[in-house]
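Coordinate inspection notes
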Amino acid sequence: MNANEMFKESIAHKEKFWAEQADKIEWFKKPTLILTDDGETYPTWFADGELNTCFLAVDKHVNDGFGDQTAIIYDSPVTNRIFKYTYSQFLEHVSKFAGGLKKLGLKKGDTAIIYMPMIPESVFAMLACARLGVTHSVVFGGFAPQELAIRIDDCNPKAIITASSGMEVSRRIPYLPFVKEAITMSEHQPEHIVAFDRKLLGNRVDFKNDSSLVDFEKLMTESEPADCVPVESMHPLYILYTSGTTGKPKGVVRDNGGHAVAMKFSMKNIYGVKEGETFWAASDIGWAVGHSYSVYGPLINRNTTIIFEGKPVGTPDAGTFWRVIEEHKVVAMFTAPTAIRAIKKEDPEGQLIKKYDLSSLRTQFLAGERCDVATLDWFEEFVGVPAIDHWWQTESGWAMLGLMPGVEDVKIKRASAGKPIPGYDIKIFSEEGYELESHHEGYLVIKLPLAPGAMMGIWGDPERFKFGYLAKFPGYYFSGDGAIKDEDGYVFVTGRVDDVINVAGHRLSTAEMEEVVAAHKEVAECCVVGIDDDLKGQIPFAIAVLKSGSQADEKILEKELVDLVREKIGPVASMKNALVVNRLPKTRSGKILRKLIRTMLDAKEYQMPSTIDDESVVEELQLKMDEYKKKYL
Ligand code: COA
Ligand code: AMP
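Residues numbered from 1 in each chain as written. Chains lettered and ligands numbered in written order. Predicted model: local features only at pLDDT ≥ 70, side-chain atom pairs only at ≥ 80, totals over all residues. Heavy atoms only, no water.

**Some points on the side chain of Ser 223**
- Among the secondary structure elements, Ser 223 is positioned in the loop between α8 (216-221) and β13 (231-232).
- We classify Ser 223 as buried; its relative accessible area is 3%.
- A distance of 3.5 Å separates a polar side-chain atom of Ser 223 from the backbone nitrogen of Gly 100.
- Polar contacts involving the side chain of Ser 223 include one to the side chain of Lys 103, which spans 3.0 Å.
- Those residues in contact with Ser 223, other than ones at most four positions away along the chain, are Lys 96, Gly 99, Gly 100 and Lys 103. (Helix = DSSP H or I, 4+ residues; strand = E, 2+ residues; numbered from the N terminus. Buried < 20%, exposed > 50% of the residue type's maximum accessible area, 1.4 Å probe, protein only. Polar contact = N/O pair within 3.5 Å; in protein donor to acceptor, adjacent residues only side chain to side chain. Contact = heavy atoms within 4.5 Å.)

This is how it looks when you write it as structure tokens:
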């Protein structure tokens, strides 16, 4: 079957198609119910199956005789270390760490937060949770303690698993102190903090004098291995928080069964990777890409995966990706376009690329944000392998648009994120819910059911799930993105239609930033918009109006606002710009005209909105912006 036939089959004969895919993984109890869909409730997959994701990712390969194959390569240019773990070694670490967690009382149905840098122990922790049926929630290290506290209060972890520190290029990130700070802010108090002491980085953990801490390494080495606990297919494997249109992040819940089937299917068909090969997704495990393609996908498919602790540039230079590809014989790689833009900026003529033998690399995959054509062209000119853009979200956990080099020779259309992937019946809708013809921009929606592996819901908030994704167009999932389809079925994603922005491939909420800025004691009202950025795609920009009578110095206040977002949300927000103005442009009903502000900041042409209350605000704002840009941008 070619990709088109496969897609058609997946929609016309859903149950048959996915039952065949489900046969490709090992179940403890094979599902007989493939799709449960009464047309009323959100459809589910493989409801009566039982399995264990850790078994599929680790034990199975050792049982099948591949214990000597490398499972994980830890490549850390920031600490100058490369370690390898075979599947047998991996099994030993994971099963013993699971034994340790079990000793602490963690069991199926509990939750645990993992707040760790890119080290193999983070993967051991994820898999150990999966082994016990403990639902993990990995929190990205670039988030500040307050963000961690919000997640602690939302998913009530029995344990937090962390490390003493991480390394961002040459800056030490104090993970454990951040955890402690977060716990002082959260209402929920975890029973255990398990800390991995990164002796190498100094800043040692004082386990002797701090009885609140459990030593990760000791727990792992001194515990008996724990067996895999069979879980129902729909048992939550993990919760991954992502930004929405309100200040509160939402915990996307992923199942075990559908997820495992989707991972296996995608590794083979979308990424075209065979068992035993090395696959590398250069993403942090704190993001969906890191979950699916640095950890679960390649491990379930018995690939060698790379845990990379570094950046595309500066660790030590813009050749580091090419060095990793050559050294570990990577056959397919996955990163965000922003990483390629960062490399291109440092090495525009591709001099560093020439230093390495990239003959192992068959395909480059890009996602996380729209990929500009110039970046694609540069990549193909200097690296010389196809760069395939594909579109997905934390919610789906795997690609919904893309191409399938595992199935056929692909035809890339620049600027398009590809065609619908099997299982995702993608349509472009008008505001009124009518399907638009090709070449008309509209909302990207997906007819239910979504494919296996897509989100089960939002942790603890079924109403938000219904309201946010399912209510706008009944029977369809609303993605929050706009898009255009062409006559060949290729889809061009035009960007978010809500207040979510994408900064260096990281999804962030402007509403959340607005809450932080508005909380400053001098601020009367504000708005945060995403403006265009050559490197990061978008960056946030805050505009604030001060309370009347405020004597605050505008320049000092602007800096305070930037610092506040960094302190409350974290450096990952990349907030660098804030501007104090006298008034914000609004509609007659009092709504801030965010789109107009964004367009003005991007120096694009705009039309005066007919709903504007007072046109003179725009002129005033333009002067302020011009002054600011001259000085700082
Ligand atoms: N822990 C602590 N801080 C972190 C962090 C982490 N894990 N990750 C990022 N940060 C900090 C950075 O140090 C930076 O701080 P600064 O403002 O003090 O310099 C800030 O958060 C912003 O980080 P980032 O947006 O990553 O910017 P950068 O300039 O350090 O790097 C890129 C830019 C493009 C190289 C980098 O963003 C990148 O590699 N992006 C790829 C994104 C990706 O992999 N996405 C998911 C896969 S689809
Ligand atoms: P995240 O949940 O962090 O993966 O972010 C998902 C969002 O990133 C999507 O809703 C899109 O707005 C954007 N996105 C992801 N991949 C692409 C892509 N290939 N092209 C355009 N936008 C993308």
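On we go from here.
**Topic: the packing of aromatic side chains**
- Tallying each qualifying case throughout the model produces 44 aromatic pairs.
- Measuring from ring centre to ring centre gives 6.4 Å for Tyr 238 and Tyr 296, while their planes differ by 10°; the resulting arrangement is stacked. Residue Tyr 238 is found in strand β14 (residues 236-242), and its partner Tyr 296 is found in helix α10 (residues 288-300); the two are separated by 58 residues along the sequence. For the residue pair Tyr 238 and Tyr 296, the accessibility class agrees, reading buried in each case.
- Ring pairing ties together the aromatic residues Phe 17, Trp 18, Trp 27, Trp 45, Phe 46, Phe 265, Trp 398 and Tyr 424, which thus form one cluster. (Phe/Tyr/Trp six-rings, centres within 6.5 Å; stacked < 30°, edge-to-face > 60°.)

**Thoughts on the UniProt feature "domain: Acetyl-coenzyme A synthetase N-terminal" (unreviewed entry) in the protein**
- Taken from the UniProt record, the annotation "domain: Acetyl-coenzyme A synthetase N-terminal" (unreviewed entry) applies to residues 5-55.
- Taken end to end, residues 5-55 is 39% helix and 12% strand, and its two terminal C-alpha atoms sit 32 Å from one another. (UniProt positions renumbered as here; feature names shortened; annotations may be inferred.)

**Quick word on the domain arrangement of the protein**
- Taken as a whole, the protein is organised into domain 1 (3-310 + 390-483) and domain 2 (504-632).
- Distance from the C-alpha centre of domain 1 to the C-alpha centre of domain 2: 34 Å.
- In this assembly, 20 residues from domain 1 lie in contact with 14 residues from domain 2.
- Buried surface at the junction of domain 1 and domain 2, both sides included, amounts to about 1,300 Å², of which 46% is carbon and sulfur.
- The tally of links from domain 1 across to domain 2 stands at one salt bridge. (Domains from an automatic or database assignment. Buried area = accessible area lost by both parts, 1.4 Å probe. Salt bridge = Lys/Arg side-chain N within 4 Å of Asp/Glu carboxyl O.)

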